[in-house]
Amino acid sequence: MMLVILGQVIQTLTTIPLNLSLYQFFSNLLGENMRSKFFPKNHVLYHEGDIGSSMFFINSGKVEVTTKDGFRAELGQGDSVGEGGLLNPDKKRSATIRCLTPVHAIEIGREYFSKYLGSSGSALALGLKEKVNTRKFGRAEFILRQQQNLKDVILKRGEYIFKEGEAADGLYIVEDGIIAVQAQGRTAYSLKPGDMFGLQSLMFDKIRRGSALCANDECQIKKMETSDFEALIQSSPQLKDSIRELCLRREFRRAVVLKRKKSFPQASELREAFNEIDLDGNGELDVNEIRSLLMSSARFLSEENIQQLIQSLDLDASGNISFDEFVSIFGRVQ
């Protein structure tokens with residue numbers, strides 16, 4: 001049983017390749033510091049806003065994840081909850097977790113989590129922190145998808161939703177098909193069902209900085225008008241912050257595409273792209289290098305925006321962006 005749980009824990013925490021050091025790390029953690037917990041149906045593991053003291057790996061059963069701004073999801077065997085409260089500086093829980101069925105979970109307390117995370121190598125720590133960010137962005141997109149008054153739009157392959165330089169008139173949600181978002185004719189990123197696009201223009205200067213077109217035989221999307229979007233984010237500062245951070249990351253990808261005059265790199269090309277941005281060749285991206293990259297293509301961003309982007313990319317809070325951080329963020333999102 002413990003070996004089964006070990007495998008689930010490793011898969012849940014990170015998608016980095018499994019190796020001996022990780023096995024040793026989790027074997028130590030299981031043997032010394034993991035606690036087996038059983039919770040009845042409707043038991044609340046914790047509430048949104050609580051101070052986080054532990055995280056949980058779900059071995060069996062289902063839990064409901066809800067937030068005050070309307071997000072809801074279900075998690076089950078192999079999933080984890082609570083790591084955000086251990087990693088975020090404010091230590092606060094970002095959601096409420098309730099058992100939909102009887103649940104068997106493995107609990108790790110803050111003290112041991114911090115101790116072993118610190119000695120487990122940077123890839124594991126960065127993977128965990130980026131997982132928390134991915135969940136945050138997913139929740140923001142979920143809330144936007146639940147809004148009313150969305151308009152249906154159907155396009156054929158090669159048809160544009162909008163083109164670079166046009167005035168922004170709303171945001172879009174992919175229902176079916178693949179949408180390619182381009183910068184000067186080169187693909188910055190591709191979007192699948194559930195993803196959103198057109199956000200940057202609404203958050204910043206209201207001008208389309210890229211083009212979006214259908215990359216399938218047929219694409220189905222939904223449109224949210226600008227007025228509805230602005231009313232929503234003004235009512236939820238937390239949602240607004242999450243969307244701004246997501247938009248800044250997308251502007252960074254766009255800036256990389258424009259600098260290299262190539263589509264955004266696949267995983268095998270990330271080192272080459274990183275080296276082109278790393279102007280002094282010291283193996284890290286500092287604030288001046290990030291600013292230089294963005295000012296060549298995104299002059300509408302403020303200094304505050306640039307600092308917010310650096311904070312988002314700087315997963316270990318060192319002040320600079322390492323190649324490992326670059327891979328943790330951009331190596332899994334294509």
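A.B. asks: Explain the packing of aromatic side chains to me, using residue names and the numbers behind them.
C.D. replies: For the structure shown, the criterion picks out 12 aromatic pairs. Relative to Phe330, the ring of Phe252 has its centre 5.4 Å away and its plane inclined at 15 degrees; by these criteria the two rings are stacked. On the criterion of sequence distance, the pair formed by Phe252 in helix α8 (residues 237-260) and Phe330 in helix α12 (residues 323-330) is long-range, its members being 78 residues apart. Using a relative accessible area of 0% as the deciding quantity, one classes Phe252 as buried. The interplanar angle of 65 degrees and the centroid separation of 5.4 Å between the aromatic rings of Phe274 and Phe326 together place this pair among those described as edge-to-face. Remark: Phe326 occurs in helix α12 and Phe274 occurs in helix α9 (residues 270-277); sequence separation between them is 52 residues. In this pair, the class of Phe274 matches that of Phe326, namely buried.

A.B. asks: Explain α9 to me, using residue names and the numbers behind them.
C.D. replies: Where α9 is concerned, the buried positions are Leu270, Ala273, Phe274 and Ile277. Across the axial projection of α9, the buried residues extend over an arc of 100 degrees, all falling on one side. In the core, the buried residues of α9 are packed alongside α8, β17 (284-285), α10 (287-295), β18 (321-322) and α12.

A.B. asks: Quick one: what's the story with the side chain of Glu325, residue by residue and with numbers?
C.D. replies: With respect to the element layout, Glu325 can be found in helix α12. Although Glu325 is buried, it makes no salt bridge; Lys129 carries the closest opposite charge, 7.3 Å away. Here Ser322 takes part through its backbone nitrogen, which lies 2.7 Å from a polar atom of the side chain of Glu325.

A.B. asks: How would you explain the sheet that holds strand β12 (residues 179-183) if you had to name every residue and give the values?
C.D. replies: As a general point, the strands of a sheet are linked pairwise by backbone hydrogen bonds and lie either parallel or antiparallel. Here four strands make up an open sheet; going across it, the order is β10-β15-β12-β13 and the pairing antiparallel. The open sheet has two edge strands with one neighbour each: β10 (160-162) and β13 (186-191). Here the strands of the sheet are splayed against their neighbours by 30 degrees on average, with no regard to which way each runs. Bridge analysis of β12 against strand β15 (residues 211-214) gives four bridges, and the strand direction is antiparallel. What sits directly across from Val181, in β15, is Ala212. Against the sheet, α8 engages β12 and β13, with an angle of about 150 degrees to β13.

A.B. asks: Give me the lowdown on the side chain of Ser242, citing residues and values where you can.
C.D. replies: Inspection of the secondary structure assignment puts Ser242 in helix α8. Here Ser242 is in contact with Lys136, Phe137 and Ala140, once residues within four sequence places are set aside.

A.B. asks: An account of the pattern of salt bridges is requested, with residue identities and associated values reported.
C.D. replies: Once the charged atoms of two side chains with opposite charge are near each other, the side chains can pair. Within this structure, the stated rule accounts for 25 salt bridges. Note that Arg250 is salt-bridged to Glu141, the shortest N-O span being 3.7 Å. Taken as a pair, Arg250 in helix α8 and Glu141 in helix α5 (residues 122-145) lie far apart in primary sequence, 109 residues in all. Residue classification places Arg250 among the buried positions, given a relative accessible area of 7%. Residue classification places Glu141 among the buried residues on the basis of a relative accessible area of 11%. Residue Glu251 is joined to Arg254 by a salt bridge in which the shortest nitrogen-to-oxygen separation is 3.4 Å. With Glu251 and Arg254 both in helix α8, this residue pair falls three residues apart, about one helical turn. For the residue pair Glu251 and Arg254, the accessibility class agrees, reading buried in each case. Through salt bridges with shared partners, one network takes in Glu64, Arg72, Glu74 and Arg98.

What counts and what doesn't
Note on numbering: residues in each chain are counted from 1, in written sequence order. Only residues with pLDDT of at least 70 are given local features in this predicted model, and only at 80 or more are side-chain atom pairs given and counted; all residues enter the totals for whole chains, interfaces and linings. Excluding hydrogens and water, the side-chain values take into account all heavy atoms of the structure. A pair of Phe, Tyr and Trp rings is counted when the ring centres sit within 6.5 Å of each other, with Trp represented by its six-membered ring. The angle between the planes then sorts it: under 30 degrees is stacked, over 60 is edge-to-face, the rest tilted. By the criteria applied, helices consist of DSSP H or I runs no shorter than four residues and strands consist of E runs no shorter than two, each listed in order from the N terminus. The buried label applies to any residue whose accessible area, calculated with a 1.4 Å probe on protein chains only, is under 20% of its type's maximum; exposed applies above 50%, and partly exposed to all values in between. In this description, one arc is meant: the one made by directions from the helix axis to the C-beta atoms. Should any heavy atoms of two residues lie within 4.5 Å, those residues are considered in contact. When charges are tallied, Lys and Arg are placed among the positive residues and Asp and Glu among the negative ones, while His and the ends of the chain are skipped. Salt bridge, as used here, is a side-chain nitrogen of Lys or Arg placed within 4 Å of a carboxyl oxygen of Asp or Glu. Residues adjacent in sequence count toward polar contacts only when both atoms are side-chain atoms; beyond that, a polar contact is any pair of N or O atoms within 3.5 Å, and within protein one must be able to donate a hydrogen and the other to accept it. Pairing between strands is defined by DSSP: at least two bridges between the two strands are required. Only the contacting stretch of a helix is used when fitting its axis, a line to C-alpha atoms as for every element, and angles between N-to-C directions run 0 to 180 degrees.

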